[in-house]
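# Fold and contact review
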Amino acid sequence: MRLRKIKFYLIQCLGFFFLTILFALVFLYSTSSVYDFPPSKPFSGNHWYNPYERCGDLTIRANFHAHGIAWGKLTNGHNTDEQMYKGYSNEGYDIAGISNYHSISNYAQDKTDLYVPVYEHGYNLFKFHCLAINSKQVSYLDFPLLQSTSQQQKIIERLKANGDMVAIAHPKLSGRSSEDMQKLVHYDFTEVLNYFRVSMEEYDEALSNGRLSWIISNDDTHDLRDEAAFKIWNIIYTDHRNVDTILSNMKKGMHYGIKSVDGRCTNFLKSCKIRNDSLIVEFETDVEHFDVHGGEAELMDYQKDRKHFVYKMKPNDDFIRIVAKNKYSWIFLNPIIRWDGKNLPLTSKVLPKTNYPKTIIVRTTLGFFLLEILGFAILLFKRKFTR
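Residues numbered from 1 in each chain as written. Predicted model: local features only at pLDDT ≥ 70, side-chain atom pairs only at ≥ 80, totals over all residues. Heavy atoms only, no water.

## Structural notes on helix α3 (residues 149-161)
Helix length check: α3, at 13 residues, gives a terminal C-alpha distance of 18 Å against a target of 18 Å (1.5 Å per residue), a fit within 8%. Summarising burial for α3: 11 of the 13 residues are buried, a large majority. By the burial criterion, the buried members of α3 are T149, S150, Q151, Q152, Q153, K154, I155, I156, E157, L159 and K160. Of the residues one or two after α3, G163 is the one with positive phi, at around 85°. (Helix = DSSP H or I, 4+ residues; strand = E, 2+ residues; numbered from the N terminus. Expected span 1.5 Å × (residues − 1). Buried < 20%, exposed > 50% of the residue type's maximum accessible area, 1.4 Å probe, protein only.)

The structure is reproduced here in structure tokens:
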């Protein structure tokens, strides 16, 4: 008899545990919104926007994605914030962002004039993560299992409400679908370069549908010794060495990404200009190979010194994106896009429209489900004390 009571008690405890988890999951998903997304529209206009036409004289080296020890070592991080910051600073980084999961590190706040608070948002199963850059507070809302495009957009809206600059983190690693990249709006950057995945196809999918965000490039290291560190970074142009100017320039696309094999970069961008109908790109040293994304990739003029690349832009080109490759490093430039010369079509400016009837239906349905779970828990609770 005693064994039966113990068995019954354990079953009840397990029941309460699973009901609690189920209640929490349904409660989180009951906050979902359903959005109507603006239609896809390729870039158009009689002008070309070139983010490198008027850049500052200074350059800043930055990484915004690296993990230290946080949450009592529950999350993936093997170095202290101090070790992470000093490691990047000693390698010549001006901005050494520490992006712990749902935790803003303030270690470097009084140690540099270029402190940028940042954290990685997301504790869901399929790594639908975002970087919240220049964030003042943490948002804890997430959808831990599968996420629809609308649920991904809901997270972006929460982060933007905090005044954050939002980057979609490693879209290829998270498996964000073509539909996601075609529809999502109101974010600032796409983490195209990440040690774990390079997300060029996902980025170009968004650009082809008129979703203009800028490239961001980060190590995403969790361990300075056993993972890649100091191999992927951003070069940001600025006239003034202060955070506001640097982040403002990034919002205009005045930066580019570097992916290196072993931390060496054998080349840097010297100039990128548009003259008549030609895009003229010059690098400081020879380039072994150029890739053109978005255009028809017709090489019009390749100078003998191999530092210059000239691309003849065609009427059907809506954006051009250049990747310059050498043996030890690749340079990823932000896209040059068509526009009307007045309103730059940044996706960060585009707001999704809430579909209120569908949102009410979803929330009401999940609300009834919550009541059923609560009712079942009460019955189980009553049965326990009745016995």
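## Here we look at a nonpolar patch on the surface
Taken together, the side chains of F23, F27, F368, L371, L374 and I378 define a hydrophobic patch exposed on the protein surface, amounting to about 600 Å² of accessible area. Residue assignment for the nonpolar patch shows that the elements contributing at least two residues are α1 (2-29) and α8 (356-386). When residues of the nonpolar patch are assigned to their parent elements, the largest contribution, 4 residues, is made by α8. (Patch = residues over 30% accessible without salt bridge, like charges linked within 9 Å, V, L, I, M, F, W, Y side chains within 5 Å. Areas by Shrake-Rupley, 256 points an atom, 1.4 Å probe, with all protein chains shown as cover. Salt bridge = Lys/Arg side-chain N within 4 Å of Asp/Glu carboxyl O.)

## Describing the pairing of strand β18 (residues 329-333)
Of all 5 residues making up β18, 4 are buried, and the element is well covered by its neighbours. Sheet topology note: the strand β11 (residues 255-260)/β18 ladder contains 5 bridges and is antiparallel. Its bridge partner lying in β18, G257 is registered against F332. Between strand β17 (residues 319-325) and β18, which pair antiparallel in sequence order, lie 3 residues. (Pairing = 2+ DSSP bridges.)

## Describing the side chain of S33
As for its position among the elements, S33 is in the loop between α1 and β1 (35-36). Residue S33 is classed as buried on the basis of its relative accessible area, which comes to 7%. Looking at S33, its side chain comes within polar contact range of the side chain of K154, at 3.2 Å. A polar contact of 3.0 Å, which involves the side chain of S33, links it to the side chain of R363. The contacts of S33, once residues within four sequence positions are left out, are S150, K154, T359 and R363. (Polar contact = N/O pair within 3.5 Å; in protein donor to acceptor, adjacent residues only side chain to side chain. Contact = heavy atoms within 4.5 Å.)

## Some thoughts on the packing of aromatic side chains
Working definition: an aromatic ring pair is given by the centre-to-centre distance plus the angle between the planes. Under the defined criterion, the tally for this structure stands at 16 aromatic pairs. Following the ring pairs from residue to residue traces out a cluster consisting of Y88, Y93, F230 and W233. Directly above the aromatic system of W233 lies the positively charged group of R61, at a separation of 3.9 Å from the ring centroid. One Lys or Arg, R264, reaches over the ring of Y328 and ends 3.8 Å from the middle of that ring. (Phe/Tyr/Trp six-rings, centres within 6.5 Å; stacked < 30°, edge-to-face > 60°. Lys NZ or Arg CZ within 6 Å of the ring centre and 35° of its normal.)

## Remarks on the environment of A161
By the secondary structure assignment, A161 is in helix α3. Judged by relative accessible area, A161 falls into the exposed class, the value being 64%.

## Some remarks on the sheet that holds strand β6 (residues 130-133)
As summarised here, the arrangement of the 5 strands in space is β5-β6-β7-β8-β9, forming an open sheet in which the pairing is mixed. A strand with exactly one partner marks an edge of an open sheet, and here the two such strands are β5 (118-121) and β9 (214-218). The average undirected angle you get between the axes of adjacent strands in this sheet is 35°. Bridge count for β6 against strand β7 (residues 165-168) is 4 bridges, and the pairing is antiparallel. Its bridge partner lying in β7, I133 is registered against M165. In the packing of helix α7 (residues 243-251) onto the sheet, the strands contacted are β7, β8 (189-194) and β9, and the crossing angle to β9 comes to about 125°. (Axes fitted to C-alpha atoms, helices over the stretch in contact; angles between N-to-C directions.)

## Topic: the pattern of salt bridges
This model, assessed by the stated rule, comprises 14 salt bridges. One salt bridge in this structure joins K111 and D110, with 3.1 Å as the shortest N-O distance. Among the residues examined, K111 registers a relative accessible area of 41% and is labelled partly exposed. Between K172 and E202 there is a salt bridge, and its shortest N-O distance comes to 3.3 Å. In this pair, K172 is assigned in helix α4 (residues 171-174) and E202 in helix α6 (residues 200-208), connecting sequence segments 30 residues apart. Via salt bridges that share partners, D94, D113 and R241 belong to a single interconnected network.

## Examining the nonpolar core
Counting residues in hydrophobic clusters, the biggest one holds 39 residues, and the most contacted among them are Y88, Y256, L269, L279, V281 and I322. If near-sequence neighbours (up to four positions away) are discounted, L269 is found in contact with Y52, Y237, Y256, V281, E282, F283, E284, I331 and L333. Of all hydrophobic cores here, the second largest spans 37 residues; its members include Y49, I216, V323 and L344. (Core = buried A, V, L, I, M, F, W, Y, C linked by side-chain atoms within 4.5 Å.)

Interpretation in functional terms is not warranted from these geometric data alone.
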